Structure formats: structure tokens, C-alpha cells
Amino acid sequence: MSEKNKKKTSVLKPFLALVVVLILASSCIPNEKVVYLQNKDDLAELGLDTLITPPREEYYLQPRDIISITFFSNVEKAIEPFRQTTADIEVQQSLNNQQRQGAGNGITPGQNFIIDNSGNLNINTLEPIPVSGISTAQLKVLLEEKIRKDKDIKDISINVSLAGIRFTTIGEIGTGERVISGSEANILQAIAASGDLSIQADRERIMIIRKYEGGYRLHEVDVTKRNLIKSEFFFIKPGDIIYAPPLKLREIGAGDNFLSQLSAVIAILSGGIFLISLINR
């Protein structure tokens, strides 16, 4: 090899090494951005084996909520007409599948009903009941009083609870609408039910789009921090939309497709070296 070629090769090697190092460095995702529920502030009240009680809020019913109603009476024939469900087929199948698999939290046996788009509950033989904006405890009292008065059934007892939490996920997470059976579900259960976050998801900026009276509000949570359990957004609510944005690494094409991209870069570099060697012959 001539002195001229040796000099070019000696200049090219550090350059190639620098390119590879930059690619590797830009493609690394530190554990701090991936691991869930870290005690980043090293707080004693969030330590391992410490009892952490998440806050719970009274939930008020809204259109499209799925509720479970169980009717009890010694007069079985009198309450039989009420047991006709209004849950749509897709939701009912989803709930049935989860019940067979033992999934969900606090599954309540009973008939499943869906509050219609106008906020009314439709139960066979009863007039539509406006229930949007009241709690399940208030609905229990309202139903028992209505049946005693309108149907003259004095021996009646009713249990009412949410039968499922309907939510939607988009972004760096399984995309679609899902239902978790039971009256309660937290954000980690929602993530698990959606197939987990991708390696490219920004776990420090998970967005919850939640419906309120008059509109929506956007909330941001960090699922890598353990104090999430003490947050008012630890439990999801029916109708929540969970958006998982990508890390900035996505902008440079790094992350879970890094190996394929590294192979492409190596192929380009190899081709460049081959061309340089031909030119210098």
C-alpha cells in the first residue's frame, strides 16, 4: 500500500469509529426511562413492603358506561322481566371472555346494562331512567324506590356497580378500544390489557384524556415514578383515552428497530470503503 493510501486509511478509520460510536450512543435507552414505579426520590413512604393507599373518588355515571345490576326478591317471577340485558354484543362477549379467564377486578355477577347516549338507563318494563351524573349508590336507591312504586313489588333489593371500564389506547401502546371487567381498574392494568408499552414509549409523559362535564381535560402522568400510586390518576375511569407518545429517539429512528438500521448503516459504510479503495488503486 502506498504512503498516500495509508494516510487516507488512517484518517478514515477514526471517522468510521466515531460514526459507529454515535449510532450506538444515540440508540441507548437508559433503564430510568423504561422501568415502572421507581422510587426516584427515595421516599420512605414509598419504600418496598410499605403500604401505599391510592386515593379513590366517587364516580358519577355517564353515557356509554357499563353497569351490572342484580335483582333480589322472594317473588322471583315479579323481577324476571327486569333481567333483560341491554349490553351490546361486543361488550358482552368481552366481559364474558374475561370472566372465563379470571381476568378483571371484582367481577360482579348480574345483568349488564349500557347507559345510552342520552344518559338514560333502559330496563325492560320500566320507563327510561335518566342516570347520568349520579353514583351507583344513588342509582340503587332510585331503582328500588321506582320498582316499589311503579310495579308494587315491596320485596325488592338491588345491587348496582360498574361492570366494566371501557377505555381507548393510542400511540406507542396497543391501539384500540378495550373493556376491563369489574368496577375498578388502574393505569397499569390498562397498559397490561393493551399489550404493554413499546420500548419507544415515553413512560414519563403518558397522557390521559378524560371527559368532564362540558368537555375534556388532558392530564400527564409518569409511570416510571412510584408516587403514581398516590395520584388521583392511578385509577382510570370509563371513557378515558390513554396516549403513549414516543421518545425523542424515535426521531432519529433508534429503539426497537436499531439492529436493522445499524445493518443498513454498516452496509452503506462498507460500500463507501469499497468505492474509496477502488478510486485509490
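Please read these numbers as outputs of a predicted model, since none were measured by experiment.

1. Brief notes about the packing of aromatic side chains
Any two aromatic rings considered together are summarised by their centre-to-centre distance and by the angle between their planes.
Piece 1. For the coordinates displayed, the defined rule picks out two aromatic pairs.
Piece 2. A centroid spacing of 5.5 Å and a plane angle of 40° characterise the contact between F71 and F82, whose relative ring orientation is tilted. Of this pair, F71 sits in strand 1 (residues 66–72) while F82 sits in the loop between helix 2 (76–79) and helix 3 (89–101), placing them eleven residues apart in sequence.
Piece 3. Taking relative accessible area as the criterion, F71 reaches 2% and is therefore assigned buried.
Piece 4. A relative accessible area of 1% places F82 in the buried class.

2. Description of the pairing of strand 8 (residues 215–221)
Piece 1. With seven bridges connecting them, strand 7 (residues 206–212) and strand 8 associate as antiparallel partners. Paired with K211 across the bridge in strand 8 is Y216.
Piece 2. In this antiparallel pair of consecutive strands, strand 7 and strand 8, the connection spans two residues, and G214 shows a positive phi of 95°.

3. Side note on the pattern of salt bridges
Piece 1. Enumeration over the complete set of coordinates arrives at eleven salt bridges.
Piece 2. For the salt bridge of E144 with K140, the shortest nitrogen-to-oxygen distance reads 2.8 Å. Remark: K140 and E144 occur in helix 4 (residues 136–150); sequence separation between them is four residues, near one turn of the helix.
Piece 3. According to the relative accessible area criterion, E144 is buried, its value standing at 10%.

4. A few points about the pairing of strand 2 (residues 111–114)
Piece 1. The two faces of strand 2 match: Q111 and F113 on one face and N112 and I114 on the other face are all buried.
Piece 2. Sheet topology places strand 1 next to strand 2; four bridges connect them, and they run antiparallel. Note that in strand 2 the partner of I66 across the bridge is I114.

5. A few points about the nonpolar core
Piece 1. Counting residues in hydrophobic clusters, the biggest one holds 47 residues, and the most contacted among them are I69, L121, L143 and I187.
Piece 2. Going through the elements one at a time, strand 1, helix 4, strand 5 (157–171), helix 5 (187–193), strand 7 and strand 9 (241–244) are the ones with two or more residues in this core.
Piece 3. With five residues, the single largest contributor to this core is strand 5.

6. Points about the side chain of R210
Piece 1. With respect to the helices, strands and loops of the structure, R210 is situated in strand 7.
Piece 2. On the basis of relative accessible area, R210 is assigned to the buried category, the value being 3%.
Piece 3. A distance of 3.3 Å separates a polar side-chain atom of R210 from the backbone oxygen of F235.
Piece 4. The contact partners of R210, leaving out residues within four places of it in the chain, are G215, Y216, R217, H219, E232, F233, F235, I236, K237 and D240.

7. Considering the confidence of the model for the chain
In low-pLDDT regions, the fine details of the predicted coordinates are not to be read closely.
Piece 1. Across the chain, the average pLDDT comes to 82, with 69% of residues at or above 70.
Piece 2. Mean pLDDT per element in the chain: helix 1 (residues 3–26) is the minimum at 55, and strand 9 is the maximum at 98.

8. Details of the environment of N227
Piece 1. Tracing the backbone shows N227 in the loop between strand 8 and strand 9.
Piece 2. For N227 and D41, which are 186 residues apart along the polypeptide, the C-alpha to C-alpha distance reads 9.3 Å.

How each quantity is defined
Residues numbered from 1 in each chain as written. Predicted model: local features only at pLDDT ≥ 70, side-chain atom pairs only at ≥ 80, totals over all residues. Heavy atoms only, no water. Phe/Tyr/Trp six-rings, centres within 6.5 Å; stacked < 30°, edge-to-face > 60°. Helix = DSSP H or I, 4+ residues; strand = E, 2+ residues; numbered from the N terminus. Buried < 20%, exposed > 50% of the residue type's maximum accessible area, 1.4 Å probe, protein only. Pairing = 2+ DSSP bridges. Salt bridge = Lys/Arg side-chain N within 4 Å of Asp/Glu carboxyl O. Core = buried A, V, L, I, M, F, W, Y, C linked by side-chain atoms within 4.5 Å. Polar contact = N/O pair within 3.5 Å; in protein donor to acceptor, adjacent residues only side chain to side chain. Contact = heavy atoms within 4.5 Å. pLDDT = per-residue confidence, 0-100.

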